[in-house]
Amino acid sequence: MEKDLLVLLNEKRVFNPPKKLAENSNVMKWMKKKKIKSYEELLEKGKNIEWFWGEAAKEIVKWKKPYKKVLEWKDHYAKWFVDAKYNIVFDALDKHKNKKKIAFIWEGEPKGEIKKISYKELNVQVNKLANAMKKLGIKKGDRIGIYLPMIPELPTAMLACAKLGAIHSVVFSGFSALAFRERINDEEAKLVITCDSFYRKGKTIPLKKFTDEALMEAPTVKNAIIVKRTGEEIPWNPKRDLWYHEITKKALSNCKTELMDSNDPLFILYTSGTTGKPKGIIHAHGGYAVGTGITLKWVFDLKDKDVWWCAADAGWITGHSYIVYAPLILGVTSVIYEGSPDFPKPDRWWEIIDRHKVSVLYTSPTAIRMFMHFGEEWIEKHSLKSLRLLGSVGEPINPEAWIWYYEMIGKGKCPIMDTWWQTETGNHCITPLPITPLKPGSATKPFPGIQADVFDSKGKPIVNAGGELVLLHPWPAMLRGIYKNPEKYQKTYWETYPETYLAGDVARIDQDGYFWIQGRDSDVLKVAGHRIGNSEIESALVSHPLVAEAAAIGKPDEIKGEKIAVYVILKKGAEISEELRKELAEHVTKEIGKLAKPSEVWFVSDLPKTRSGKIMRRVIKAKVLGKDTGNISTLSNPEAVEELLQAK
Ligand code: WT7
């Protein structure tokens, strides 16, 4: 962070988007239509929130029955486009069903494996799967757990659920069997969709085996649909398991899209918070379609001829919104890549960009820093001349990485859209448009129709000082609650400040009104852009028979932004050893998944605590990073702070 700040102090340049790009942008065209003359005026007009979102809806969706009211807001629950009849599948798929245009260009990790799927074919696949699911008794409101890698069947499965009005819940394929089990039990899933195994870094990952382990204790799940991806031998339960290719082969290729209320749930996506248990974030059909559609259209300026690559995984919100729903609503062609960025060589991505003439690329700061680390020779071999716009998401981008991305990948001609948002917000909230002057490292300003601010602890707006990032007014793609946990919904987002959404990030607004997001508060880690709750890691650790107590903190990491370090107190009689260190790291991997594997495991005899027994992660972090710990006299055991330096 300090290093970044120094870079920032010297980095006062402002990057204006190329004139031609700005002039021809989707947002500029709309502004001309509405006689809006400048970016500032657009933001001003956007403050008329209900007007703005009503207009945005006209650009993106076609309701089956129009709404009566734009917004109804009660007890922190929103209804957007009240009483409209709708299903997101009408706009994502049904309206394109006869188009030969390619929806997805898919590349498998093994080289040479490429599939191009037209809108027409995608529609047939979705309908077949939906019909097959119907036969298994799936209906509106049922929950379906999807545990798939980046293969075309992942978006197909999501759309088939939406088509039937069933609620999908995708679990990232890098999560462990136990993490998948926890989620499908929380939502009481009736069906799961998975595959035999898939490719990652030249190896195969046995997803069906993990699924079997998850389903050992998942009483609500009646069936598992298995996609054949690699053709590897897999265990089979004839009472429960069905091959995807067999059930879809027999199914009819047309299926009615269920007519839903605009506010009916579309999906649940679990994300980490302050407790050991992940939260099931709920999103709804209508508002989500409008919000994701308009942000993609304006921020990334997608047009008919563009080839869009959002290089995230559809197991996260980025993929839900900007690989699956919004690009399909806009009818663009997207790239999907199954594998690792450095397989077989560190230039796989640049090869993909040149091969498919990708024009807009959206990725994370971690990926950018990784490519910086691989070296420029891997990039120089490729032209990348098809690119016209770039994006960043998931964590703060340090100005150094921003400039590198701008110069090496964008060749100094592609503006970078640094988009701040969350699983909960559904769409970009603080983000540039292709008409916004850019400052490297700043996500710039709120999207029109979004009102954001930075508050001090008393709830007063502050400028040029760090504070809590808040959103002041509901927005269409916002979360509609936490599945089966209304108390947590109120407490996490709405109780800190009245009628104000608390994002959980620390940010600063500069004198020009630009937002600088500094990172999460101390209860959530961001490792390679993935959100992991500190307490999730801690509860995984204390579930190990030899662990008495544990604290997980983030330490700065040059590539991943943060890495996980854990401080563990062993139970009496347990002995410290190198094997145990490895075993504990593996144990966390088994409980949560590889993404949560600690990089450092430290053994200590005590951990600093408050008088009420709460472990003070903030103090631990300050101490082990050699920073000021602040006043520690109120701790119940201040001597534990010095002892941290003797950790083994
Ligand atoms: C958290 C949300 C949003 C899709 C991927 C992550 C951090 C996200 C930025 C950005 C600085 C960012 C925040 C946020 N974050 N984008 N452009 N600049 N920080 O979704 O897992 O729900 O995480 O990611 O800390 O709260 P998520």
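## Digging into the overall build of the protein
Argument step 1. When helices and strands are tallied, the protein shows 22 helices and 29 strands.
Argument step 2. Against the compact-globule benchmark of 26 Å for 648 residues, the protein has a radius of gyration of 24 Å, which places it among compact chains.
Argument step 3. Projected onto its principal axes, the C-alpha coordinates of the protein cover approximately 70 × 65 × 55 Å.
Argument step 4. Buried positions account for 61% of the 648 residues belonging to the protein.
Argument step 5. Of all intrachain contacts in the protein linking residues separated by at least 6 positions in sequence, the fraction that spans at least 24 positions is 71%.

## Examining the environment of Lys-20
Argument step 1. Residue position: Lys-20 is located in helix α2 (residues 19-23).
Argument step 2. A relative accessible area of 65% places Lys-20 in the exposed class.
Argument step 3. Measuring from C-alpha to C-alpha, the distance between Lys-20 and Cys-195 comes to 46 Å, with 175 residues separating the pair along the chain.

## Description of the nonpolar core
Argument step 1. Residues Trp-53 and Met-133 are the most contacted members of the largest nonpolar core, which totals 167 residues.
Argument step 2. Dropping the residues within four chain positions of it, Met-133 is found in contact with Ile-138, Ile-144, Ala-160, Cys-161, Leu-164, Leu-191, Ile-193 and Ile-225.
Argument step 3. Membership of the second largest hydrophobic core comes to 32 residues, among which are Phe-15, Val-335, Tyr-337 and Ile-416.

## A few points about the pairing of strand β22 (residues 467-471)
Walk down a regular strand and you will see the side chains alternate between the two sheet faces.
Argument step 1. Counting buried residues along β22, four of its five residues qualify, which places the element largely inside the surrounding structure.
Argument step 2. The pairing of strand β21 (residues 452-455) with β22 spans four bridges and is classified as antiparallel. If you follow Phe-455 over to β22, its bridge partner there is Glu-468.
Argument step 3. Across four bridges, β22 lies against strand β23 (residues 501-509) in antiparallel orientation. Counterpart to Glu-468 in the pairing with β23 is Val-506.

## Brief notes about the pairing of strand β4 (residues 102-107)
Argument step 1. Most of β4 sits out of view: five of its six residues are buried.
Argument step 2. Pairing of β4 with strand β5 (residues 114-118) involves five bridges; the strand directions are antiparallel. Within β5, the residue paired with Phe-104 across the bridge is Ile-117.
Argument step 3. Where β4 hands over to β5, the hairpin turn is made up of six residues, of which Gly-112 adopts a positive phi near 95 degrees.
Argument step 4. In this structure, β4 lies alongside strand β17 (residues 333-337), joined through four bridges in parallel fashion. Counted as the bridge partner of Trp-106 is Ile-336 from β17.

## Here we look at the pattern of salt bridges
Argument step 1. According to the stated counting rule, one finds 50 salt bridges in the structure shown.
Argument step 2. Here Glu-351 makes a salt bridge to Lys-111, at a shortest N to O gap of 3.0 Å. Residue Glu-351 is located in helix α14 (residues 348-356), and its partner Lys-111 is located in the loop between β4 and β5; the two are separated by 240 residues in the primary sequence.
Argument step 3. Residue classification places Lys-111 among the partly exposed residues on the basis of a relative accessible area of 49%.

## What to know about helix α13 (residues 317-330)
Argument step 1. Summarising burial for α13: 13 of the 14 residues are buried, a large majority.
Argument step 2. Once α13 ends, the next one or two residues include Gly-331, with phi positive near 75 degrees.

## Let's talk about the side chain of Asp-186
Argument step 1. Along the chain, Asp-186 falls in helix α9 (residues 177-187).
Argument step 2. With relative accessibility at 15%, the residue Asp-186 sits in the buried group.
Argument step 3. Those residues in contact with Asp-186, other than ones at most four positions away along the chain, are Tyr-270, Lys-277, Tyr-483 and Lys-484.

## What about the packing of aromatic side chains?
Any two aromatic rings considered together are summarised by their centre-to-centre distance and by the angle between their planes.
Argument step 1. Going through the model one piece at a time under the given rule, you end up with 43 aromatic pairs.
Argument step 2. With a centroid separation of 5.8 Å and 35 degrees between ring planes, the pair formed by Trp-298 and Phe-447 is classed as tilted. Taken as a pair, Trp-298 in helix α12 (residues 285-299) and Phe-447 in the loop between β20 (416-418) and β21 lie far apart in primary sequence, 149 residues in all. The exposure classification of Trp-298 matches that of Phe-447, with both residues buried.

## Things to note about the packing of helix α15 (residues 365-374) against helix α17 (residues 399-409)
Argument step 1. Two elements in contact, α15 and α17, have axes separated by 10 Å at closest approach and are oriented at 70 degrees. Considering their axes alone, α15 and α17 lie roughly perpendicular with respect to each other. Residue-level inspection shows Ile-368, Arg-369, Phe-371 and Met-372 of α15 in contact with α17, the latter providing Glu-400, Ala-401, Trp-404 and Tyr-405.
Argument step 2. Tallied by class, the residues present in the contact of α15 with α17 amount to six nonpolar, no polar and two charged.

## Looking at the packing of α12 against α13
Argument step 1. Where α12 contacts α13, the two axes come as close as 9 Å, and the packing angle between them is 80 degrees. In terms of orientation, α12 lies roughly perpendicular with respect to α13. Contacts from Tyr-288, Ala-289, Thr-292, Gly-293, Thr-295, Leu-296 and Lys-297 of α12 reach α13 at Ile-317, His-320, Ser-321, Tyr-322, Tyr-325, Ala-326, Pro-327, Ile-329 and Leu-330.
Argument step 2. Within the contact of α12 with α13, the residues separate by chemical class into ten nonpolar, five polar and one charged.

## Remarks on the domain arrangement of the protein
Argument step 1. Assigned domains of the protein: these are domain 1 (5-69 + 80-87 + 265-519), domain 2 (102-258) and domain 3 (524-646).
Argument step 2. If you average the C-alpha positions of domain 1 and of domain 2, the two centres end up 28 Å apart.
Argument step 3. Taken together, the contacts link 44 residues of domain 1 with 43 residues of domain 2.
Argument step 4. Carbon and sulfur atoms supply 56% of the area that domain 1 and domain 2 bury against each other, a total of about 3900 Å² over both sides.
Argument step 5. Contact with domain 2 buries area across many residues of domain 1, yet Tyr-270, Ile-336 and Glu-338 alone supply 21% of it, more than any other trio.
Argument step 6. Between Asp-342 and Lys-201 there is a salt bridge, with the nearest N and O atoms lying 3.4 Å from each other.
Argument step 7. For the pair domain 1 and domain 2, the interface holds 29 residue pairs in polar contact (both at pLDDT 80 or more).

## A closer look at the sheet that holds β17
The strands that make up a sheet are held in pairs by hydrogen bonds between backbone atoms, and each pair lies either parallel or antiparallel.
Argument step 1. The seven strands lie next to each other as β5-β4-β17-β16-β18-β19-β20, forming an open sheet whose pairing is mixed. The strands lining the two open edges of the sheet, one partner per strand, are β5 and β20. Ignoring which end each strand starts from, the neighbouring axes of this sheet average 20 degrees apart.
Argument step 2. Pairing of strand β19 (residues 389-392) with β20, which is carried by three bridges, proceeds in the parallel orientation. Looking at β20, one finds that Leu-390 is bridged to Ile-416.
Argument step 3. Contacting β4, β16 (307-310), β17 and β18 (360-363), α13 crosses the sheet at an angle of about 160 degrees to β16.

## Digging into the confidence of the model for the protein
Argument step 1. The share of residues in the protein with pLDDT of 70 or more is 98%, and the mean pLDDT across the chain is 95.
Argument step 2. Below pLDDT 50 for its whole length, residues 1-7 participates in seven contacts with residues either more than four positions away or in separate chains.

About the cut-offs
- Residues numbered from 1 in each chain as written.
- Predicted model: local features only at pLDDT ≥ 70, side-chain atom pairs only at ≥ 80, totals over all residues.
- Heavy atoms only, no water.
- Helix = DSSP H or I, 4+ residues; strand = E, 2+ residues; numbered from the N terminus.
- Rg over C-alpha atoms; globule rule 2.2 N^0.38 Å.
- Buried < 20%, exposed > 50% of the residue type's maximum accessible area, 1.4 Å probe, protein only.
- Contact = heavy atoms within 4.5 Å.
- Core = buried A, V, L, I, M, F, W, Y, C linked by side-chain atoms within 4.5 Å.
- Pairing = 2+ DSSP bridges.
- Salt bridge = Lys/Arg side-chain N within 4 Å of Asp/Glu carboxyl O.
- Phe/Tyr/Trp six-rings, centres within 6.5 Å; stacked < 30°, edge-to-face > 60°.
- Axes fitted to C-alpha atoms, helices over the stretch in contact; angles between N-to-C directions.
- Parallel < 35°, antiparallel > 145°, perpendicular 65-115°, else oblique.
- Nonpolar A, V, L, I, M, F, W, Y, C, P; charged D, E, K, R; others polar.
- Domains from an automatic or database assignment.
- Buried area = accessible area lost by both parts, 1.4 Å probe.
- Polar contact = N/O pair within 3.5 Å; in protein donor to acceptor, adjacent residues only side chain to side chain.
- pLDDT = per-residue confidence, 0-100.

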